[in-house]
Structures are given as structure tokens and as C-alpha cells.
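Each chain is listed here by its residues.
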Amino acid sequence: MKKIFILALIILVSFNNSYSQEKIWSETEAQKEERLQWWTHDRFGMFIHWGLYAMPARHEWVQKYERIPNDEYNKYFEYFNPDLYNPKEWAKKAKEAGMKYAVLTSKHHEGFCLFDSKYTDFKVTNTPYGKDIVKEWVDAFRAEGLKIGFYYSLIDWHHPDFTIDRVHPMSANTDEEYAELNKGKDMSKYRTYLKNQVREILTNYGKVDMLWLDYSYPGAHGKDRDDWGSIELIKMVRELQPGIILDDRADLEDVPGGWDYKTPEQFKVDKWPEIDGKKIPWETCQTFSGSWGYHRDENTWKNNKQLLVLLIESVSKGGNVLLNVGPTARGVFDYRADKALQEMGEWMKYNNRSIYGCTQAPESFEVPNQTILTYNPQLNRLYIHLLDYPLTNFRLPGYKGKIKYAQFLHDASEIRITAPYGHHMQGSIATEDDLNFRLPIIKPNVEIPVIEVFLE
Ligand code: GLC
């Protein structure tokens, strides 16, 4: 008996080991860096959450929050007709805001597909609108020179074999209730469906630059890599689109090749995220207001300065920003999103050199008071973002011998560099190693002025 037990234990342990050592592909660090190069350079993308939930216009989780049964939710499917949809206009707006890539929800948790899928009737081509929205979107965004990505929800509240879990609109309270609700559901059928659909979106629309799978919630009445068949799924993804850049939500953190970057959502990281002491690629995804889908009555919109600081700060910690728009059910951007994009675009037009190709500044540069630094290693330039516009004499701690020239980025007007300001010296605030910028007393007409510093 004891022997059998030990044998079973050995089998179990070795099975576990081989499982965690499973890898999706072997790629060297340098190869990965190369594959992610355009994305690390571009820094700023547009997220687009669009689906039937644009019609209730009260959050993309409305079906869950209000526990709406599918037959009732179906009314949105019957009336979906975004007659003003013009993805060329969207692409132009993204580009003018300074965004270089965009990610569209091909399917969100509600299960509705914006693409023409062979495997379901719950798709855009069966609505009054009748056309493949994803196809039109890809063509328009490509034409503007933007890179394209698909969000695809692992979760599906519409599919009959998707087992009811704690996230589902029909979630239950007890194990018995779950067992009852899930009688006859076969998750393996859903796994096949999910794989088939991911194959469709990665086959029918040409080159796809990014894939955004969303999301896993392991534990009691949750779902994890085994539910999605993540290993097999990602193997297929890598085969179909070897250049693709993949998010981290298929629950494969420990599997080499199982993800490419981290996705901190709706918060700012304190510092460049690390795993085992190694800095990793990351991108924060954020909304303008408190919902991803169009939300008519939600009013907590971030202002221009908050959005710019989010972008600058992310780059200063080596990361990207994916900023979300939730178009209306007519197919246009909300006027508030238009305004936010236009304001960011105004700043980006003159200051994008402090964003594209930039990253965290070398630690040898102390951060001057009330500023954020970014750095372009190719150009060897430092960008000082003045968050709170200073007075005329602005101290650069320890910068002596490190700078050749400085100018405002927006108008290329020289900033004079002097020895530390006399009164700074008297107050023993400055040292001989410091420098001083002589700034105009009046803040330039720029939300966050940037000083471009040419380094030694
Ligand atoms: C969350 C939400 C979802 C949204 C996503 C974007 O996972 O479930 O509604 O699409 O965040 O990051």
C-alpha cells in the first residue's frame, strides 16, 4: 500500500514538473527584443471596446451587473445597426492623437462577434448592420499606417457550453447550484470553439500585430489555463502569426513563450515591473472614464494633464499606454473622447520626441524638482517634463559636465544654461556640480512643457 502511494507521488511530481517546464517556443532574449521592437518604440496605442453593450450604454459588463438572461440581451443583437460607422475616421483620430497602433474587441465577454465567424450565429453579419466590422476596421487602420491588434475574450456568456462560473451573469451561490446549472454543459466543446475562432481572426485578416486575450480567474468557480486549453491555444497562435505580440492573461506566466508583456490595468505602476529581478515589457491599459464600453451617464473623465502625465510617466518607467475609446452604437466616438484625443494630439504633435523611442532615464541623472524624465538612447537625449512650471532659475542637481545644449521641445527655442544661481549657492541648496536653466517667466502655451537636453 505504502509503495503504491510513493509511486503515485513520484508520478504526480514528475507530471507536475513536466507540466511547468512545458514551453511554447524557444526564443532568445535578443530575438524577443527584436520582435517587440516596434511596439517598445511606439509606446502609445488605442484600445477600442465595441459590442452590443454600446446600446444599453451602461458598461460593457451590464449583462453581468444586471444579471440579464441571454434571451433578453438578445434585443440588442436584433437592433444593432451602427449606421455612422466609418473606421477611416477612427483611424485618423487615433493617428492624430499620436497613437501608433490599435486593438479592437473582436469579441467581448458577452460573446458577440464583430467578425464573420463560421462557428456562431451570434455575429455582426447577422445583425441589421450586416457587414464584417473587423474587416472594415483592419483595412482602414492599415491604410493609415497603424499596427493592428485583436482583443478576444476568453470568457463567453453566450456560448451554451461555457460553464457558469463566478464571473458569469448567471453565477450561483453554492456548489450544488453550480452543479445544477452546469448539467449538460461541456467545456471541452467551448475550448474547441474558442480555438477555432482565434484561428479565424488570425487567418482571415492578414498580418495581425497583437493579440489581447482576456482573462483568467483561477480558483473556486473560476477559470484557468486548463479551461482555455491555453498551451495548445498559444502554440497555434505562435504558429499562425510568428511575429505577433501577446498579452499575459491566458494564465501562462511560468511558461516560456506563453506571454510577451504585462498588462497593469487602470493603475500606475510604482516602478518598472520586474520578474526575478529582470525588467519586463509592460503596457498599462486605461479608460478615459469609468467604463470600457460606451457609457452615456458616466462622468468621471480624466483631464488632459492626467492623461499626458499617465503617458509620460509610463514611458519614464519603460512602459506603453493603451488608451481606450468606447464608440457609440451609431458607430462614432463620444464627443468627450474626441476632445480628449484632440488635446493629447495637440501636445503630441510638438512633443512626441520625448515619447517615441524613449524609455527610463539612466540612474546617473537625478530627477529635478517636480519633473518626469524620459530618455532616448539612440539620440542620447534627455527629456525633462515640467509638471509644475518653475520660476526663472531652475536647478539641475549634479548635471555639470553632462549637458551640451538644451531647448524647449515644442518650439526649439534655446534654454540658456548657467552655473548654479547665486542665491541657490547662498542657501547651500546648490553645489558646484549643479547647473541652472534660465527659463522664461511665462509658461509656454503647452500643457506640459518639455526641455530637450543634448547630452555629452
Ligand atoms: C477587464 C474587463 C474588461 C476589459 C478589460 C480591459 O478584464 O473584464 O471589460 O475589457 O479589463 O483590460
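Scroll up for the structure.
These figures come from a predicted structure and were not determined experimentally.

Rules used in this analysis
Residues numbered from 1 in each chain as written. Predicted model: local features only at pLDDT ≥ 70, side-chain atom pairs only at ≥ 80, totals over all residues. Heavy atoms only, no water. Phe/Tyr/Trp six-rings, centres within 6.5 Å; stacked < 30°, edge-to-face > 60°. Helix = DSSP H or I, 4+ residues; strand = E, 2+ residues; numbered from the N terminus. Buried < 20%, exposed > 50% of the residue type's maximum accessible area, 1.4 Å probe, protein only. Salt bridge = Lys/Arg side-chain N within 4 Å of Asp/Glu carboxyl O.

Inspection of every chain in the model, using the stated rule, returns 30 aromatic pairs. On the basis of an interplanar angle of 70 degrees and a centroid distance of 6.1 Å, the ring pair of F77 and F112 is categorised as edge-to-face. Of the two residues, F77 sits in helix 5 (residues 70-79) while F112 sits in the loop between strand 2 (101-107) and helix 7 (133-143), which places them 35 residues apart along the sequence. Residue class for F77 comes out buried when judged on its relative accessible area of 13%. Here F112 falls in the buried class, since its relative accessible area comes to 1%. Arranged with centres 5.0 Å apart and planes meeting at 90 degrees, the rings of F162 and Y190 form a pair that is edge-to-face. Remark: Y190 occurs in helix 9 (residues 187-201) and F162 occurs in the loop between strand 3 (147-153) and helix 8 (175-181); sequence separation between them is 28 residues. You'll find F162 and Y190 in the same group, each marked buried.

Next up on the list: the pattern of salt bridges. A complete count under the given rule lists 31 salt bridges for this structure. Ionic pairing is found between D254 and R225, a salt bridge with its closest N-O pair at 2.6 Å. Here D254, found in the loop between strand 5 (245-246) and strand 6 (274-275), pairs with R225, found in helix 10 (residues 225-228); they are 29 residues apart in sequence, far enough to count as distant. For D334, the salt bridge is made with R336, and the minimal N-O distance between the two is 2.8 Å. Judged by relative accessible area, D334 falls into the buried class, the value being 4%. A single salt-bridge network, built from bridges that share partners, covers E27, R35, R238 and D260.

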